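Remarks on the overall topology
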Amino acid sequence: MAGGRRPAGLALGWGCCLLLCCAAASKLEISMPAEVEVEVGGTARIECNFYTPENASYTYIDWFYVDRSNRQVRLYHITARDVLEDDTDYKNRVSLGQDKSLSINPVTVQDNRTFVCQVGAGSYGVGENSTELRVYKVPQTPEIEPNSGGISVHSTEIPEIARCVSKNAFPAPNITWHKNGEQLHSEENQVTVTRESSGLYTVSSALYAPVTREDRLARYHCTVHYLLRGQSHALESRRVKVNVFYPAETLTLQVLPSSALVKEGDNVTLVCEADGNPPPVFSFFKKNQLDEWQDLSSLAESEGGILNLHDVNKSSSGTYKCQSLDLDDMSQKEEAVDLVVNYIEGVRVKTEPSSIVREGETVKLSCDAQSPVGLQYQWNNEKGEMVGDGRQLTLENVSFETSNTFSCKVMAPSVPGLEQSKKVSVAVQGKPRIVSISSPLYVRQDEFVTLSCKAIAFPPPTVKWSIDGTAHEYKDNQHVASNLTVRVSQDLLQAGAMCQVSNELGVSEKHIQLVDQKSTAESQGVIIVAIIVAILVVAVLGAVIYFLHKKGKIPCGRAGKQDITKPEARKDKIVVEVKSDKLSEEAGLLQGANGEKRAAADQSEKYIDLRN
């Protein structure tokens, strides 16, 4: 039968008959595994173990496989002397081990069949056994694709939610569907099995189920189940969400920023939102003075749901309405909100008295304004410094130096940034007051000098000089300054110049004294000479006293203190006389230089009695 084919039933029947007959007498036994599992591409090894009585040797061993027609096709015929491999589809993929086991590499899905080992033992008969080779291929992780168009909760047919596909499996696996982790059971979810040219299977399934609004948050996935070595295994796909279409249940309209904080000049945004999917079509309206709704949709953004109001003012206040239209079921909803634009208007500042204000008088400033919110008032001077708060500001004993411009700032504490200001001028009137002149002015005869005179007054004054010259005048609000350029003459040195400032309320004038720098220099020279002479006299006296002290003529200390002012007639008396013919003149010079007056006795003769 080498290389031939035989019906599997006939061979098994004949073998079993011999085996039963021989088993009773010879007990030839063959053992093989009932099943062997191998993954596609792996190596399958099928063992054939047999037992012969009295350790007798076998005559032959044949390996067969059972084809689709249930016929046995021989692969090998083995004897003690040689091995014969039959020409089959397994050639180059099968091999024999030293223990006569059959190996197949690489395994394909076509190898999923029965393999038979038959052993002949001469007088002990023929025996055989078989093994089922189970070939498997783990399926690929399933791929899931949700419905890309979206699903309406109002769909009249059961919609397709998602599709699931798993490829390259053997044998064919099964697919189940899950929602939020729980398995779904539906007769609509059938699995389609396709056998590829490679012999592997592709399985696919579509999930059909109605959806509700709550399913917008649901997550779906599919699972592929397969068996391996008698154990169930599974591979899960990724989780996906489905775009569920549903009408809006609530509609909100809000003002950004908060309506309570909106002030004139702000940019305001009205935001209309609905919880439907897809978002509905939004329209905006404002109620006019006739209690009619004015359509503002043309001002809204193209994306819808947003209305921008730029640089709002008092007239922007009112009731606004947002209306939504759901295109899925054509249902409508609307919501209204009141916009209040806070403002400050009519800021007025009143001055009392409103007529002419004279220096020394008291002025009251009052401020008022209108607003729908509470206001606070603050007063600032022209430098921006705060000088008071409240509606009124009292200025007492005003003068030209009093700030002539004040500002009333009106603020709304409840609306940050809402404020208005109004300025007022306070003109204090009075006769001119000269505040600065260039006197005394040290000059030299025949040179050109500039005389200056500054004054403050209102109404604006005029400045006149008592002498002729070139005048330049400068004015700044209530201040006036005049500079006069003249040539110094002997008459000007003696008489000086007069600056006169006048207006309709009075006249002020001051004298400018000019001092000749030459005579001043001579006086200063005399003073310097007198100071030098005085210093020399003091130096001489100090030297004499020091000399006598060194010679022991003048004792030191309290115990040896003697009266050196009492003139006694003694032989050893030494009298030093210091005189000055110009004592009065020098005393005057010293007084001018040192700022001290000497006693009358000190201005005559001076004696120093030097005694032992």
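Remember, predicted model here, so these are calculated numbers, not experimental data.

The rules behind the values
Residues numbered from 1 in each chain as written. Predicted model: local features only at pLDDT ≥ 70, side-chain atom pairs only at ≥ 80, totals over all residues. Heavy atoms only, no water. Helix = DSSP H or I, 4+ residues; strand = E, 2+ residues; numbered from the N terminus. Disulfide = S-S within 2.5 Å. Pairing = 2+ DSSP bridges. Axes fitted to C-alpha atoms, helices over the stretch in contact; angles between N-to-C directions. Core = buried A, V, L, I, M, F, W, Y, C linked by side-chain atoms within 4.5 Å. Buried < 20%, exposed > 50% of the residue type's maximum accessible area, 1.4 Å probe, protein only. Contact = heavy atoms within 4.5 Å.

Moving on to unusual backbone geometry. Here the residue pair asparagine 277 and proline 278 is connected by a cis peptide bond, since its omega of 0° sits within 30 degrees of zero. Inspection of the secondary structure assignment puts proline 278 in the loop between β24 (268-274) and β25 (281-287). Cis geometry is found at the peptide bond from serine 439 to proline 440, where omega equals -5°. Of note, lysine 100 is a non-glycine position whose phi angle comes to about 70°, a positive value.

What follows concerns the state of the cysteines. Two cysteines, two sulfur atoms, one covalent bond between them: this is a disulfide. Per the counting criterion, the structure on display carries five disulfides. One disulfide bridge connects cysteine 164 with cysteine 222, the sulfur atoms lying 2.0 Å from each other. Judged by the sign of its S-S torsion, about 70°, the bond between cysteine 164 and cysteine 222 is right-handed. Remark: cysteine 222 occurs in strand β20 (residues 220-228) and cysteine 164 occurs in strand β15 (residues 160-169); sequence separation between them is 58 residues.

Turning our eyes to something else, we now look at the sheet that holds strand β45 (residues 506-512). One open sheet accounts for three strands, arranged β41-β44-β45; its pairing is antiparallel. Because the sheet does not close on itself, it has two edges, and the strands there are β41 (462-465) and β45. Strand-to-strand twist of the sheet, defined as the mean angle between neighbouring strand axes without regard to direction, takes the value 20°. Relative to strand β44 (residues 497-503), β41 is paired through four bridges, and the arrangement is antiparallel. In the sheet register, tryptophan 465 faces β44, and the bridge partner there is cysteine 499.

A word on the nonpolar core. Core analysis: the biggest nonpolar cluster contains 28 residues, and Trp63, Leu75, Ile104, Phe115 and Leu133 have the highest contact counts within it. Counting residues per element, the ones that place at least two in this core are β3 (35-39), β4 (44-46), β6 (60-66), β7 (71-78), β10 (102-104), β11 (114-120) and β12 (126-136). Per-element tally for this core: the top contributor is β7, with four residues. The contacts of phenylalanine 115, once residues within four sequence positions are left out, are Met32, Ile46, Phe64, Tyr65, Leu75, Tyr90, Leu102, Ile104, Asn129, Ser130, Thr131 and Leu133. Of all hydrophobic cores here, the second largest spans 24 residues; its members include Trp379, Leu395, Phe400 and Val428.

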